[in-house]
Amino acid sequence: MGLFQWTQRPAQVLQSGGVIGPDERLPWPQTGLMGIQHVIAMFGATVLAPILMGFDPNVAVLMSGIGTLIFFLITGGKVPSYLGSSFAFIGVVIAATAYAGKGPNANIGVALGGIIACGLVYTLVGVVVHLVGTGWIERFMPPVVTGAVVAVIGLNLAGIPIKNMAANNFEAWMQALTFVCVALVAVFTSGMLQRLLILVGLIIASLLYALLTNGMGLGKPIDVSGIANAAWFGLPQFHAPVFSAPAMLLIVPVVIILVAENLGHIKAVTAMTGKNLDQYMGRAFIGDGVATMLSGAVGGTGVTTYAENIGVMAATRIYSTAVFLVAALLAVLLGFSPKFGALIQAIPLPVMGGVSIVVFGLIAIAGAKIWVDNRVDFSQNKNLIVAAITLILGTGEFTLKFGDFALGGIGTATFGAIVLYAALNRGK
């Protein structure tokens, strides 16, 4: 079985009601169109995450494409997934770098060192899973733990858009208008528009912002001179990592979220395709870990498999991994376009703040959804206590100091949830 076995099969034409499996593909023109659709699906989140951390969006998009190619090779082209910027890193990166939420992150180096360390641990977890399976992960990180930690990530970030991304009353109202736009798209549209609710809501809100500021003079106008002056093609702004022990200890626990996400996504694709992909779980972790290390080495965010793209597969019933090759190559081309980067930087900060409110809230709700989907029984005191304490530790930024090192917020919540559950479960 070669890595590219799917290329040895004849092109499969999608019939009405038919399903295209991971090792099949459509004719190349249709495959190309599907690849564009997947780029659109990943675009909003992959660009938003680096902006919220003060990273270069061009580098993030470039490395999402390269990371997807790496994932494809390591999984042997058997697991259909797109790797985009992970939101799980936002809170710990902001904490490690003391990023204020505006402009480039001056301490990006220490964050990159932590991202690489996280990717290395993730890769080692993948090796163990490849050898012995996933049972041990599910024992250490049951749904009550993973749900609480995911929820904490969203709740811990709430103060960033509220406190740092609106300088006056007009900008606060623009934040409100933005999240209302996203909400209207989410509820009153359907199909692809609905799946792109963040991106479409952001575009509508930006146009309204331009009308109110550039047109009516109510606030700081949008400056498009950078877009006009930027070149179509050029290298993005790469950065070198700096390895700091406190930052690495703060960022490495994100591996718990990455493992939980990837595990859930692969099980979802298995359920949709009817093909058991559990045998590739270890390889998927390794691919994601290696892609995260490489991304961190040049100035990109950590990456993860994207639920947005799984949603596209569910809607189209096209699971061909060839589609993700096309999407990855398109992302690489976008990463080498400074004009694309200038366009992203021109988005008004209050609009980004309004979108952030939605995104961080959705992350928090995703944690609750893990509880619901897995029927976590909160009549059991161990589950109730673990969830309750974890949420308050993370939201309240509970901090423990070990000499000069401080573990706060998401870190104490993550480790606390795992240790507390293990202790209470053993006691039971």
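Residues numbered from 1 in each chain as written. Predicted model: local features only at pLDDT ≥ 70, side-chain atom pairs only at ≥ 80, totals over all residues. Heavy atoms only, no water.

Colleague: Help me understand the overall build of the chain, please; the structure alone is not making it clear to me.
Modeller: Assigned secondary structure in the chain consists of 20 helices and 4 strands. Over its C-alpha atoms the chain spans a radius of gyration of 21 Å, differing by no more than 12% from the 22 Å that the globule rule assigns to 428 residues. Projected onto its principal axes, the C-alpha coordinates of the chain cover approximately 60 × 60 × 45 Å. Scored against the burial criterion, the 428 residues of the chain give a buried share of 53%. When the accessible surface of the chain is totalled, it reaches about 18,200 Å², and 68% of it is carbon and sulfur. One finds the centroid of the 19 positive side-chain charges in the chain at a distance of 6 Å from the centroid of its 14 negative side-chain charges. (Helix = DSSP H or I, 4+ residues; strand = E, 2+ residues; numbered from the N terminus. Rg over C-alpha atoms; globule rule 2.2 N^0.38 Å. Buried < 20%, exposed > 50% of the residue type's maximum accessible area, 1.4 Å probe, protein only. Areas by Shrake-Rupley, 256 points an atom, 1.4 Å probe, with all protein chains shown as cover. Lys, Arg positive; Asp, Glu negative; His and termini not counted. Charge placed at Lys NZ, Arg CZ, Asp CG, Glu CD.)

Colleague: How should helix α14 (residues 281–298) be read in this particular structure?
Modeller: Each α-helix winds once per 3.6 residues, and so residues spaced three or four apart point in a common direction. The first and last C-alpha atoms of α14 sit 27 Å apart over 18 residues, in line with the 26 Å expected at 1.5 Å per residue. If you check which residues of α14 are buried, you get Met281, Gly282, Ala284, Phe285, Ile286, Gly287, Asp288, Gly289, Ala291, Thr292, Ser295 and Gly296. Where α14 is buried, its residues contact α2 (57–74), β1 (83–85), α4 (108–132), α5 (135–140), α13 (255–273) and β2 (303–305). (Expected span 1.5 Å × (residues − 1). Contact = heavy atoms within 4.5 Å.)

Colleague: Any chance you could explain the packing of helix α6 (residues 143–156) against helix α18 (residues 349–373) here in plain terms?
Modeller: Packed helix pairs are characterised by how far apart their axes lie and by the angle those axes make with each other. Direction vectors running N to C along α6 and α18 enclose 170 degrees, while the axes themselves pass 7 Å from each other. Here α6 is positioned roughly antiparallel relative to α18, judged by the angle of their axes. Taken together, the residues of α18 that come into contact with α6 (itself represented by Pro143, Val144, Thr146, Gly147, Ala148, Val150, Ala151, Ile153, Gly154 and Leu155) are Phe360, Ile363, Ala364, Ala366, Gly367, Ile370 and Trp371. Taken together, the residues of the contact of α6 with α18 sort by class into 13 nonpolar, 4 polar and no charged. (Axes fitted to C-alpha atoms, helices over the stretch in contact; angles between N-to-C directions. Parallel < 35°, antiparallel > 145°, perpendicular 65-115°, else oblique. Nonpolar A, V, L, I, M, F, W, Y, C, P; charged D, E, K, R; others polar.)

Colleague: Looking at this structure, how should I read the packing of aromatic side chains?
Modeller: How two aromatic rings sit relative to each other is given by the distance of their centres and the angle of their planes. Here the structure, examined in full by the defined rule, presents 3 aromatic pairs. Relative to Phe285, the ring of Tyr122 lies with its centre 5.7 Å away and its plane at 40 degrees, an arrangement referred to as tilted. Here the residue Tyr122 occupies a position in helix α4, and Phe285 occupies one in helix α14, the gap between them amounting to 163 residues. Just as Tyr122 is buried, Phe285 falls in that class too. Residue placement shows Lys339 over the ring face of Trp232; its charged tip is 5.0 Å from the ring centre. (Phe/Tyr/Trp six-rings, centres within 6.5 Å; stacked < 30°, edge-to-face > 60°. Lys NZ or Arg CZ within 6 Å of the ring centre and 35° of its normal.)

Colleague: Would you explain the pattern of salt bridges in this entry?
Modeller: A side chain of one charge can pair with a side chain of the opposite charge when the charged atoms of the two come close. Tallied over the entire structure, the rule returns 1 salt bridge. A salt bridge links Asp373 to Lys369; the shortest N-O distance between them is 2.7 Å. Remark: Lys369 and Asp373 occur in helix α18; sequence separation between them is 4 residues, near one turn of the helix. The exposure class of Asp373 is partly exposed, given its relative accessible area of 45%. (Salt bridge = Lys/Arg side-chain N within 4 Å of Asp/Glu carboxyl O.)

Colleague: I would appreciate a short explanation of the nonpolar core in the present structure.
Modeller: For soluble globular proteins, the rule of thumb is that nonpolar side chains tend to be buried together. The biggest cluster of nonpolar side chains holds 102 residues, and the ones touching the most others in it are Phe87, Phe89, Ile90 and Phe285. Ile20, Leu26, Ile318 and Val323 belong to the second-largest nonpolar core, a separate cluster that totals 6 residues. (Core = buried A, V, L, I, M, F, W, Y, C linked by side-chain atoms within 4.5 Å.)

Colleague: I would appreciate a short explanation of a nonpolar patch on the surface in the present structure.
Modeller: On the surface, Phe179, Val180, Leu184, Val187 and Phe188 cluster together into a nonpolar patch covering about 490 Å² of accessible area. With respect to the helices, strands and loops of the structure, Val187 is situated in helix α8 (residues 169–188). Residue Val187 is classed as exposed on the basis of its relative accessible area of 58%. (Patch = residues over 30% accessible without salt bridge, like charges linked within 9 Å, V, L, I, M, F, W, Y side chains within 5 Å.)

Colleague: What's the story with the side chain of Ser320 in this structure? I'm lost.
Modeller: Of note, Ser320 is situated in the loop between α15 (307–316) and α16 (321–335). A polar atom in the side chain of Ser320 sits 3.2 Å from the backbone nitrogen of Ala322. Residues in contact with Ser320, not counting those within four places in the same chain, are Ile20, Gly21, Pro22, Glu24 and Arg25. (Polar contact = N/O pair within 3.5 Å; in protein donor to acceptor, adjacent residues only side chain to side chain.)

Colleague: Can you walk me through the confidence of the model for the chain in this structure?
Modeller: Interpretation of the predicted coordinates at a detailed level should be avoided for regions scoring low in pLDDT. The predicted model of the chain averages 82 in pLDDT, with 91% of residues at 70 or higher. Note that residues 1–17 has pLDDT below 50 and, in this model, 34 contacts with residues that lie over four places away or in other chains. (pLDDT = per-residue confidence, 0-100.)

Colleague: For this particular structure, what's the right way to read the packing of α8 against helix α10 (residues 197–215)?
Modeller: One can describe the packing of α8 onto α10 by two numbers: an axis separation of 8 Å at closest approach and a directional angle of 140 degrees. Judged on the interaxial angle alone, α10 and α8 are oblique. For the crossing formed where α8 meets α10, the hand is right-handed. Contact residues: α8 offers Phe170, Met174, Leu177, Thr178, Cys181, Val182, Val185 and Ala186, while α10 offers Leu197, Ile198, Val200, Gly201, Ile204, Ala205, Leu208, Tyr209, Leu212 and Thr213. Broken down by class, the residue content of the contact of α8 with α10 amounts to 15 nonpolar, 3 polar and no charged. (Left-handed = near helix turned anticlockwise from the far one by under 90°.)

Colleague: I tried to follow the side chain of Thr390 on my own but got confused; where do I start?
Modeller: If you trace the backbone, Thr390 turns up in helix α19 (residues 381–395). The exposure class assigned to Thr390 is buried, which follows from its relative accessible area of 1%. Residue contacts for Thr390: discarding those within four places in its chain leaves Ala148, Val149, Val152, Ala413 and Ala417.

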